[in-house]
Amino acid sequence: MLDESLLDAPDALARADRRDLLRGAAEAGARVRTAARHATEAGITELKPEGRPRAVLVAGPGTAATGVADLIAALAGASAPVTRIPPTGVAPAPGALRWTLPGWAGSVDLLLIATADGSEPGLALLAEQAYRRGCTVVAVAPLRSPLREAVHGVHGVVVPMASAPHGEYDAETSAAGPGTLWALLTPLLALLDRVGLVTAPAEALQSVADRLDRTAERCGPAIATYSNPAKTLASELADTLPLIWTEGEAAGPVGRRFAAVLAELSGRPALAAALPEALPAHGGLLAGAFAAGADPDDFFRDRVEESEPLHARVVLLRDRPTGGLSAAPAARELALGHDTAISELEPEEGGTLECLAELLAVTDFAAVYLSLASSAGA
């Protein structure tokens, strides 16, 4: 159950937020600025690459590294293939995880390591393996971590992970923490701009930080639900199965991250798919037991003794306004034709990175609000 009254009680939200997740979301813009400065200090912006890498490999643990790889792949487009190296092991613990380079990786490829922990022996072994193969290695990791020394030892480049601007907090190293993604992603965007795979010059990163700050002002705990897009979305997703449908290259990884963060932070299942494929993929859910009108006896149900049934709700994420060729009208028609409510989110106008940043910020805030209000209402 969602305690919606908590959403408009900033002091109560602060007391419920024991992991400082709201703080992490609000500080995302500051983390981008700090991360960009660290990239400059590490010499990333002065690199003079001899050419583009044949392929980019991304390794790291958890939701943050998955999101970094997904976002880089979307932004790089056809410039170079981007492959995430998934970890293997018997447990999701730093000492148990291992990463292995694909057999084809060699001297013309680039390995990016992103971790908020830095104590994973498996990542140090991966850096050594890459060095023997001739791969260039660039890592973003905490300043004082074993991985930092390991990457230096194989002549790789390490950029210190941007820490929280006002001191450490419990969610600092959370793979799904709102600030962690930008702390890891920003230096890698600066690097990929230098090698010509993405467009992320210093001024673009500054614009991203500014957009994150403005979005945090709109989505902060002091802003009432009726004018707060993140609180509104969290309220709409209460007791639903979110079907996150995305349109646009930048929106795809945002939707997949939103589903992952909802599961990790608030313990809520969600499914993400890109339009137009989402329509046949999720159409059966809208026509089946998860449809709002699926239970003809729902009117006579004892609402005190029985829990609310879980109904699907479509969340339509677009990285651009609807226009031209779009599957959004068909998506609305399918959802409303099955009595399924739909939430829509699109960013203000701006560059690709700015639009992506706004979508990430709103959905991160929404996931945090849903987590806090659900915990209080449990």
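Residues numbered from 1 in each chain as written. Predicted model: local features only at pLDDT ≥ 70, side-chain atom pairs only at ≥ 80, totals over all residues. Heavy atoms only, no water.

An unreviewed UniProt entry annotates the protein as Mannose-6-phosphate isomerase originating from Streptomyces drozdowiczii. Checking UniProt for the protein, the heading Sequence similarities (unreviewed entry) contains the comment "Belongs to the PGI/PMI family." (UniProt positions renumbered as here; feature names shortened; annotations may be inferred.)

Thoughts on the overall build of the protein
Within the protein one finds 14 helices and nine strands. Since a compact globule built from 378 residues should have a radius of gyration of about 21 Å, the 21 Å found for the protein is in line with a globular shape. Projected onto its principal axes, the C-alpha coordinates of the protein cover approximately 70 × 45 × 45 Å. Within the protein, the proportion of its 378 residues that are buried is 52%. (Helix = DSSP H or I, 4+ residues; strand = E, 2+ residues; numbered from the N terminus. Rg over C-alpha atoms; globule rule 2.2 N^0.38 Å. Buried < 20%, exposed > 50% of the residue type's maximum accessible area, 1.4 Å probe, protein only.)

Considerations on the environment of A289
Within the secondary structure, A289 sits in the loop between α12 (278–287) and β8 (311–318). The class for A289 is exposed, based on a relative accessible area of 66%. For A289 and P309, which are 20 residues apart along the polypeptide, the C-alpha to C-alpha distance reads 9.3 Å.

Some remarks on the layout of surface pockets
In this structure, the largest pocket spans a volume of roughly 340 Å³. If you go around the largest pocket, you meet 16 residues; those closest to its centre are P49, G51, L110, T136 and V195. Elements with a contribution of two residues or more to the lining of the largest pocket: β3 (109–114) and β4 (136–141). Counted by class, the lining of the largest pocket contains nine nonpolar, three polar and four charged residues. (1 Å grid on protein atoms, 1.4 Å probe; cavity = no way out; pocket = protein on both sides within 12 Å on 5 of 7 lines; lining within 4 Å. Points joined across faces, edges and corners; volume = space filled by probe spheres on them. Nonpolar A, V, L, I, M, F, W, Y, C, P; charged D, E, K, R; others polar.)

Observations regarding the pattern of salt bridges
Summed over all chains, the structure comprises 17 salt bridges. R33 is the salt-bridge partner of D210, the closest N and O atoms lying 2.8 Å from each other. One end of the pair, D210, is in helix α9 (residues 202–219); the other, R33, is in helix α4 (residues 28–41), and 177 residues separate them in sequence. Within the structure, one salt-bridge network assembled from shared partners comprises R211, R218, E354 and E358. (Salt bridge = Lys/Arg side-chain N within 4 Å of Asp/Glu carboxyl O.)

A few points about the pairing of β8
In terms of burial, β8 is a largely internal element, eight of the eight residues being buried. Here β8 shows no split at all, with H311, R313, V315 and L317 on one side and A312, V314, L316 and R318 on the other all buried. Bridge count between strand β6 (residues 240–247) and β8: eight bridges; the pairing is parallel. Counted as the bridge partner of E247 is R318 from β8. Two elements, β8 and strand β9 (residues 342–345), share four bridges in a ladder whose sense is parallel. When the sheet's bridge partners are listed, L317 is paired in β9 with L345. (Pairing = 2+ DSSP bridges.)

Points about the side chain of E247
Topologically, E247 is positioned in strand β6. Of the side chains with opposite charge, R320 comes closest to the buried, unpaired E247, at an N-O distance of 4.5 Å. At a separation of 2.7 Å, a polar atom in the side chain of E247 contacts the main-chain amide nitrogen of A327. In this view, E247 contacts L275, L317, R318, D319, R320, S326, A327 and A328; residues no more than four positions away in its chain are not counted. (Lys, Arg positive; Asp, Glu negative; His and termini not counted. Polar contact = N/O pair within 3.5 Å; in protein donor to acceptor, adjacent residues only side chain to side chain. Contact = heavy atoms within 4.5 Å.)

Thoughts on unusual backbone geometry
Residues L275 and P276 are joined by a peptide bond in cis, for which omega reads 5°. Position of P276 among the secondary structure elements: in the loop between β7 (271–274) and α12. Positive phi, normally seen in glycine, also occurs at D339, with a value near 55°. Residue position: D339 is located in the loop between α13 (328–337) and β9.

A few points about the packing of α4 against α9
Between α4 and α9, the shortest axis-to-axis distance is 7 Å and the interhelical angle comes to 160°. One finds that α4 runs roughly antiparallel with respect to α9. Crossing angle aside, the handedness with which α4 passes α9 is left-handed. Across the interface between the two elements, A28, G29, A30, V32, R33 and A36 of α4 pack against L205, Q206, V208, A209, D210, L212 and D213 of α9. Within the contact of α4 with α9, the residues separate by chemical class into eight nonpolar, two polar and three charged. (Axes fitted to C-alpha atoms, helices over the stretch in contact; angles between N-to-C directions. Parallel < 35°, antiparallel > 145°, perpendicular 65-115°, else oblique. Left-handed = near helix turned anticlockwise from the far one by under 90°.)

Comments concerning the nonpolar core
Counting 86 residues, the largest nonpolar core has L112, W182 and L192 as its most contacted members. Ranked by residue count, the leading element in this core is helix α14 (residues 352–377), at 15 residues. Membership of the second largest hydrophobic core comes to 21 residues, among which are L57, I85, L97 and A141. (Core = buried A, V, L, I, M, F, W, Y, C linked by side-chain atoms within 4.5 Å.)

A word on helix α11 (residues 251–266)
A rise of 1.5 Å per residue sets the reference length of α11, with its 16 residues, at 22 Å; its end C-alpha atoms lie 21 Å apart and thus fit the reference within 8%. Most of α11 is tucked away, with twelve of its 16 residues classed as buried. Looking only at α11, the buried set comprises A251, G252, P253, V254, G255, R257, F258, A259, V261, L262, L265 and S266. G267 sits one or two residues past α11 and shows a positive phi near 65°. (Expected span 1.5 Å × (residues − 1).)

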